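Descriptive structure summary
Single-letter residue listing:
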Amino acid sequence: MFLLELPTANLLYLVLYLATLVLHVVAMNYVVGGAMVVAGAAVFKVFRGYCDATQAIVDKIVDWLPLALGVTITLGVAPILFIQLLYKHAFYTANLLLFHRWMAILPVLIAAFYLLYLQKTNWIQQRAAFVRALVALGVLGMFLFVAWSWSENHLLSLAGEGEWVEHYSAARNWHRSGELLPRLAMWVIGALATLSVILAWQLRGRTTTAVVRRLAGIGITGGVGAAAAGAWYWTELPTEAKLAIRQPAHLVVLATAAAGLVVMLAAWGHMARTGRLSTVWLWWATAGIAVAIAAATVLREVRRYVALHTVDQWEPAVEAAINAARLQGFGVFALFLVINTLVIVWLIARVRSRLHAHAN
Ligand code: HEM
């Protein structure tokens, strides 16, 4: 397994990268999955009204989306720092080559923030259904653009010098790859699985049978859809990547991801049958999706390892990370860790006490 061949410094950065990326993925899943559900429901409402169960789910998502977007962006910062340490050359090259496309993420996210707050206002609630559908579709379109940009950037960073030169000399804005659509489909559809579990925790104690079945429908669609997109992605993977994934250690990781997904699906299947949101089964669903996301994130790195090996960039990347580790700076890191932790704890305590005072 490639992880175990790495020097300690690289392994430490890689583990930190993977752990922080998993957190980003969880928050991103709420944002992307939530925008899909809200947009789907808003379009449906243009033609027909929907039931209280759908309304309860949509209200909860609309209420939480602005915060979830803030959390997604914040949790993207840590992996972006580690990815620069680990894969400097490939990462920066892809950013430079996509340039305007890549920079467009920022204004798009700012606009998305405004639309998310607009979605919460009474003003928009009083507008015609098709206006609300347009806003919801706009939000979804923006999130899909950002997700697509990350996937495209990732694939371009794996392409190597030959393709980069061609991309640059042809002044292209887009990097075409057969892997892009199935890869994106896996992220986007899979987001529904994570969303279903987080929503279930948010709505716990206030659910009806119809709400539980709606949540199960969202979770099962996400799980089955991600598996189908994964199978599609397999057909588009380069032969070297398929060979690497067939190695026993990587097959174990793949089997772990599949097992996590099956546990999540079984838990939702059970809760849909009984119509009850049982805490024990919800924990099973949570553990299942957590394991599936963690294992999929490790497998994702196998693809990069194979690609960078193929274009002779793996060894230079490993060397560069070892050099970065030699520069130290742990003291500064520890100092800011302490300061930031104290500030965050203080802020949470302040908000809690204000809320408490408000409630009384
Ligand atoms: C709504 C906003 C966002 C969405 C929907 C989103 C979506 C995604 C997706 C789909 C991926 C996986 C790409 C792939 O493997 O093909 C990804 C990776 C990543 N995202 Fe986000 N993201 C968002 C915002 C951000 C922000 C603002 C940051 C940085 C501050 C960030 C940092 C990262 C990093 C570092 C990776 C890993 C890149 C790599 O390994 O090549 N994301 N994101």
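Residues numbered from 1 in each chain as written. Predicted model: local features only at pLDDT ≥ 70, side-chain atom pairs only at ≥ 80, totals over all residues. Heavy atoms only, no water.

For the rest of this paragraph, the subject is the pattern of salt bridges. According to the stated counting rule, one finds six salt bridges in the structure shown. Its salt-bridge partner being R172, residue E166 comes within 3.1 Å of it at the nearest N-O pair. Relative accessible area serves as the criterion here: at 45%, E166 is assigned to the partly exposed category. The partly exposed category is assigned to R172, whose relative accessible area is 35%. Here E301 and R300 are joined by a salt bridge, their closest N and O atoms 3.7 Å apart. (Salt bridge = Lys/Arg side-chain N within 4 Å of Asp/Glu carboxyl O. Buried < 20%, exposed > 50% of the residue type's maximum accessible area, 1.4 Å probe, protein only.)

Neighbouring residues of the ligand: 23 residues in total, closest Y17, H24, S151, R183 and R300. Within the side chain of H24, a nitrogen or oxygen atom sits 2.9 Å from a nitrogen atom of the ligand. The separation between an oxygen atom of the ligand and a polar side-chain atom of R304 is 2.9 Å. Counting residues per element, the ones that place at least two in the shell around the ligand are α1 (8–47), α2 (52–103), α5 (129–157), α7 (180–203) and α11 (279–310). The dominant element in the shell around the ligand, judged by the number of residues it contributes, is α2, at seven residues. When grouped by side-chain class, the residues that make up the shell around the ligand number 16 nonpolar, four polar and three charged. (Near = heavy atom within 4 Å. Polar contact = N/O pair within 3.5 Å; in protein donor to acceptor, adjacent residues only side chain to side chain. Helix = DSSP H or I, 4+ residues; strand = E, 2+ residues; numbered from the N terminus. Nonpolar A, V, L, I, M, F, W, Y, C, P; charged D, E, K, R; others polar.)

Here we take up helix α12 (residues 314–326). Between its first and last C-alpha, α12 extends 19 Å over 13 residues, near the 18 Å set by a 1.5 Å rise per residue. Of all the residues in α12, the buried ones are W314, A317, V318, A321, I322 and A324. Along the axis of α12, the buried positions cluster into a sector of 160°, meaning they face one direction only. Of the residues flanking the end of α12, it is Q328, one or two places downstream, whose phi is positive at about 65°. (Expected span 1.5 Å × (residues − 1). Arc of directions from axis to C-beta.)

With respect to protein ligation, the iron atom of the ligand binds only H24 (NE2), at 2.2 Å. Within the secondary structure layout, H24 lies in helix α1. (Donors = N, O, S within 2.8 Å, 3.2 Å for Na, K, Ca; no water.)

Here the largest pocket is characterised by a volume of approximately 970 Å³. Considering the residues around the largest pocket, the lining is formed by 23 residues, among which L16, L81, F82, F333 and L337 are closest to the centre. Mapped by element, the contributors of at least two residues to the lining of the largest pocket are α1, α2, α12 and α13 (330–359). When its residues are assigned to classes, the lining of the largest pocket shows 17 nonpolar, six polar and no charged. Lining the lining of the largest pocket are residues from two domains, each supplying at least three of them: domain 1 (2–327) and domain 2 (333–360). (1 Å grid on protein atoms, 1.4 Å probe; cavity = no way out; pocket = protein on both sides within 12 Å on 5 of 7 lines; lining within 4 Å. Points joined across faces, edges and corners; volume = space filled by probe spheres on them. Domains from an automatic or database assignment.)

Once that is clear, we can look at empty space enclosed by the protein. Considering all chains together, one arrives at one cavity of 30 Å³ or more under this definition. By volume, the largest cavity amounts to about 50 Å³. Residue lining of the largest cavity: L6, N10, L14, L86, Y87, W314, A317 and V318, and that is the complete set. Taken together, the elements giving at least two residues each to the lining of the largest cavity come down to α1, α2 and α12. If one sorts the elements of the lining of the largest cavity by residue count, α12 sits on top with three residues. The class makeup of the residues in the lining of the largest cavity is seven nonpolar, one polar and no charged.

Domain annotation for the chain reports domain 1 (2–327) and domain 2 (333–360). Spacing between the C-alpha centres of domain 1 and domain 2 amounts to 29 Å.

Attention shifts here to α2. Taking 1.5 Å as the rise per residue, α2 with 52 residues should run 76 Å; its terminal C-alpha atoms sit only 41 Å apart, a clear shortfall. Its maximal kink placed at Y87, α2 deviates by approximately 115°. (Bend = angle between axes of the 7 residues up to and from the residue.)

Once that is clear, we can look at the packing of helix α10 (residues 248–274) against α11. Running from amino to carboxyl end, α10 crosses α11 at an angle of 155°, the nearest separation of the two axes being 7 Å. For the element pair α10 / α11, the angle class is roughly antiparallel. For the pair α10 and α11, the crossing hand works out as left-handed. Residues belonging to the contact of α10 with α11 are distributed by class as follows: 21 nonpolar, five polar and no charged. (Axes fitted to C-alpha atoms, helices over the stretch in contact; angles between N-to-C directions. Parallel < 35°, antiparallel > 145°, perpendicular 65-115°, else oblique. Left-handed = near helix turned anticlockwise from the far one by under 90°.)

Membership of the largest hydrophobic core comes to 103 residues, with the highest contact counts inside it found for L14, I57, I61, F143 and W268. Per-element tally for this core: the top contributor is α2, with 18 residues. (Core = buried A, V, L, I, M, F, W, Y, C linked by side-chain atoms within 4.5 Å.)

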